[in-house]
Amino acid sequence: MPGITVTGAVRAFSTRHPELSVQVMRTSWGDQVQGVHEGLLDVSFVRLPVDHRGLELRPLFREPRVAVVPADHRLAGKESIVIADLAPERLLQDPDAVPEWRDLPERTGGEAAGPRPSFATVEEKLEHVATSGGVLVLPLSTAAYYTHTDVAHVPIGDIGPGEVCLAWSAGRRSPLLPEFADIAAAQH
């Protein structure tokens, strides 16, 4: 997942089990549990919310969420904002990913601007913020991972943190799964 570093957990697990071949695959917001359901991945680092039917989830850590805005935006450079500050803005992501924004009664931004653009990557989203405006709400680690001089990120003080979990198929009973989960939890 963008912004989540798995190196420590993978190295520690590989050291304990040199007989295993551990491979890391990148997932995205849209497919973070799909590989587990299809049997292509043993585990996946996921950002909640996800459809957790058929999955075991192990909480790993929580982190603040930030608003990503153009560098010259009225909110750029603020020490902190509240979610209501984003009400007049066009949200460039699925509103269900930011229920606090979706549920604002006074939300006015973006509805008149037509359909929400579709993006395959975080890089595309950031480039759109920089060139065309709009805002994103991202986990701090994701916003910090991508350097883009034409955008700024501002902490949102009145929404809960994003949660990261490890997910695996509820039907799998390998003792390696909870062992890896313990290692991953210890890394964060």
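Here the residue numbering is sequential within each chain, running from 1 through the sequence in written order. Given that this is a predicted model, residues contribute local features only at a pLDDT of at least 70 and side-chain atom pairs are listed and counted only at 80 or more, while totals for whole chains, interfaces and linings are drawn from all residues. Just so you know, side-chain values use all the structure's heavy atoms and leave hydrogens and water out.

A. Examining the environment of D96 more closely. As for its placement among the helices and strands, D96 is situated in the loop between β3 (65-70) and α3 (99-102). The sequence separation of D96 and G35 amounts to 61 residues, and the corresponding C-alpha distance is 22 Å. Residues within four places of D96 in sequence aside, it is in contact with P49 and R102. To qualify as a helix, a DSSP run of H or I must reach at least 4 residues; to qualify as a strand, a run of E must reach at least 2; elements of each kind are numbered from the N terminus. In what follows, residue pairs with any heavy atoms lying within 4.5 Å of each other are defined as contacts.

B. Molecular detail of the sheet that holds β3. Two strands qualify as a pair provided that DSSP identifies no fewer than 2 bridges between them. Read from one edge of the open sheet, three strands run β4-β3-β5, paired in antiparallel fashion. Looking along the sheet, the strands with just one partner apiece sit at the ends: β4 (136-139) and β5 (151-155). Strand-to-strand, the axes of this sheet are offset by a mean angle of 35°, without reference to chain direction. Across four bridges, β3 lies against β4 in antiparallel orientation. Bridging from a neighbouring strand, V68 pairs with L136 of β4. Convention adopted: a line fitted to C-alpha atoms gives each axis, helices being fitted over their contacting stretch, and angles between N-to-C directions are expressed from 0 to 180 degrees.

Keep in mind these numbers describe shape, not what the thing actually does.
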